[in-house]
Each structure stands twice: as structure tokens, then as C-alpha cells.
Amino acid sequence: MTGAGTARRRDGRITQERILEAAMAAIAEDGLASLTMAALAERLGTSGGHILYYFGSKDRLLLEALRWSETALAEERRALLARRTTAERKLDQFLELYLPRGPRDPRWTVWIELWARTTGEGPLRAAQEELDRGWQADLEALLAKGAAQGRFTIPEPEVPERADMLLALLDGLSTRVVLSQHGSGRASALRTARTAARRLVVGR
């Protein structure tokens, strides 16, 4: 988290990280519809032109905010995979990390918005696929190690497919939570994810 003392560079310009942090905070508080360059600039005490100087467009700002958020989560995933605990516990923690914290989760709000904009947008689609690959690779590593230890009953060749299936389920559950569909909240989504994970990795 950027502190107040590091919010501006020596030349007085607000740092890119501070802008991204403020954008995600604004989305969490007021929703994506309320996020405009002017509103964000006012929040930061700067100009819309200064923000455009760094990002060029709202889409680019959203993508970079998502990258910033995902970088922090990637560090958490690496720490999770390195923990001295059971494969089952690691998988459970992975599920908790992946799912949104609630309907106002800013990371998932941005994900859903950008998904809707990827049709015909090559660079945007490529960026999202790059972020997705990080989750896929780490989940595959987790499942493969659990299988090697005899904790998961997954044939080695099926690890990528099982990981892909579980991530697809998590995407669906996460979308329901963020959009408040079918009365789904984080707790119920996590219960469903845990049940599905058990069936996918241990067959029960």
C-alpha cells in the first residue's frame, strides 16, 4: 500500500501506483460507473490530464489497475505454494484467494468490465490471457504436487484439464458474487467451490 509520503514524486507528480491504488479504492467505494477521469483526479488532487498522461484512456487505466492488483495476488500465491502445510489446505487457501471478497470487490468488478470489452480488442485480450495463465500455472503446480504426494487422485496427464475446469467454475461463482446473482454471496460460493474441488481432485 502506498503511503502518503510516497504519493508524489520529487517533481510533484502523483505516482502511477498511487493513481492505480486510488482507482481501485474508488471502485470499491462507489462502483465502476462512478469512476471517471475527472472524479479520480479530484480524489487525488490533480488533473484529468495528468492521469491521461500516464494511461491514455479509461480502458488502459482499468487494465493497469487490474495488473497492479494481480501482481500483489501473484506474490500471495507464491507464498501460499511455499507454505509447509498439506496440499488440501493449500488448495482451500487458493480458493479463498481467488474468489471475490464480496459484491464490491474492485478486482473482480474490473475483470468483469474488461471481459465485456475484449471482443475484437487484441491487446486487451492478450493482457487478460497473460494474467489468467499465472493462476492456471500455479494451480497446476499445486495439483501436481498434491497428486505426487498421494493427497489428490489425479492422473498426471489430467492435471491441466482439472485445473482449467476448477478455474472455470471459480470464474462463474465469482461473477455471481459480484453481480449478486441468485442470492449468491462469498460464503455460499466458497462452499460450492470446496465441494467441487474435492470431487475434482479426490473424487468425493
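These remarks concern the structure in this document.

Criteria and cut-off values
Residues numbered from 1 in each chain as written. Predicted model: local features only at pLDDT ≥ 70, side-chain atom pairs only at ≥ 80, totals over all residues. Heavy atoms only, no water. Core = buried A, V, L, I, M, F, W, Y, C linked by side-chain atoms within 4.5 Å. Buried < 20%, exposed > 50% of the residue type's maximum accessible area, 1.4 Å probe, protein only. Helix = DSSP H or I, 4+ residues; strand = E, 2+ residues; numbered from the N terminus. Contact = heavy atoms within 4.5 Å. Axes fitted to C-alpha atoms, helices over the stretch in contact; angles between N-to-C directions. Parallel < 35°, antiparallel > 145°, perpendicular 65-115°, else oblique. Nonpolar A, V, L, I, M, F, W, Y, C, P; charged D, E, K, R; others polar. 1 Å grid on protein atoms, 1.4 Å probe; cavity = no way out; pocket = protein on both sides within 12 Å on 5 of 7 lines; lining within 4 Å. Points joined across faces, edges and corners; volume = space filled by probe spheres on them. Salt bridge = Lys/Arg side-chain N within 4 Å of Asp/Glu carboxyl O. Expected span 1.5 Å × (residues − 1). Arc of directions from axis to C-beta.

## Comments concerning the nonpolar core
In this structure, Ile19, Leu40, Leu91 and Leu143 are the most contacted members of the largest nonpolar core, which totals 59 residues. Element by element, the count of residues in this core is highest for helix H8 (residues 159–179), at eight residues. Beyond its immediate chain neighbours, meaning those up to four positions away, leucine 40 contacts Ile19, Ala22, Ala23, Leu35, Ile51 and Leu61.

## Quick notes on the packing of helix H1 (residues 16–30) against helix H4 (residues 58–82)
Two numbers describe how H1 lies on H4: the axes approach to 9 Å, and their chain directions differ by 95°. Regarding the angle of H1 to H4, the classification is roughly perpendicular. Judged by residue contacts, Glu17, Ile19, Leu20, Glu21, Met24 and Ile27 of H1 engage Leu61, Leu62, Glu64, Ala65, Trp68 and Ser69 from H4. Across the contact of H1 with H4, the residue classes tally to eight nonpolar, one polar and three charged.

## Digging into empty space enclosed by the protein
Scanning the entire structure with this criterion turns up one cavity of 30 Å³ or more. Approximately 40 Å³ is the volume found for the largest cavity. Considering the residues around the largest cavity, the lining is formed by Glu70, Tyr98, Arg107, Trp108, Trp111, Trp115, Asp132, Trp135 and Asp171. At four residues, helix H6 (residues 106–115) tops the list of elements feeding residues into the lining of the largest cavity. In terms of residue class, the lining of the largest cavity is made up of five nonpolar, no polar and four charged.

## Digging into the pattern of salt bridges
Under the definition given, this model contains 13 salt bridges. We note a salt bridge from arginine 77 to aspartate 138, for which the minimum N-O separation is 2.7 Å. Of this pair, arginine 77 sits in helix H4 while aspartate 138 is found in helix H7 (residues 122–148), placing the two residues 61 residues apart along the sequence. Overall, the relative accessible area of 5% leaves arginine 77 in the buried class. Taking relative accessible area as the criterion, aspartate 138 reaches 16% and is therefore assigned buried. Several salt bridges share partner residues, and in doing so they unite Arg60, Glu64, Arg67 and Glu130 into one network.

## Brief notes about helix H9 (residues 186–201)
Compared with the 22 Å implied by 1.5 Å per residue over 16 residues, the 22 Å span of H9 between its first and last C-alpha is a close match. All of the buried residues along H9 are Ala189, Leu190, Ala193, Ala196, Ala197, Leu200 and Val201. Buried residues of H9, seen end-on, are gathered within an arc of 130° and therefore sit on one face of the element. In H9, the exposed positions angled more than 90 degrees off the buried face are occupied by Arg191 and Arg199.

Geometry only, nothing functional implied.
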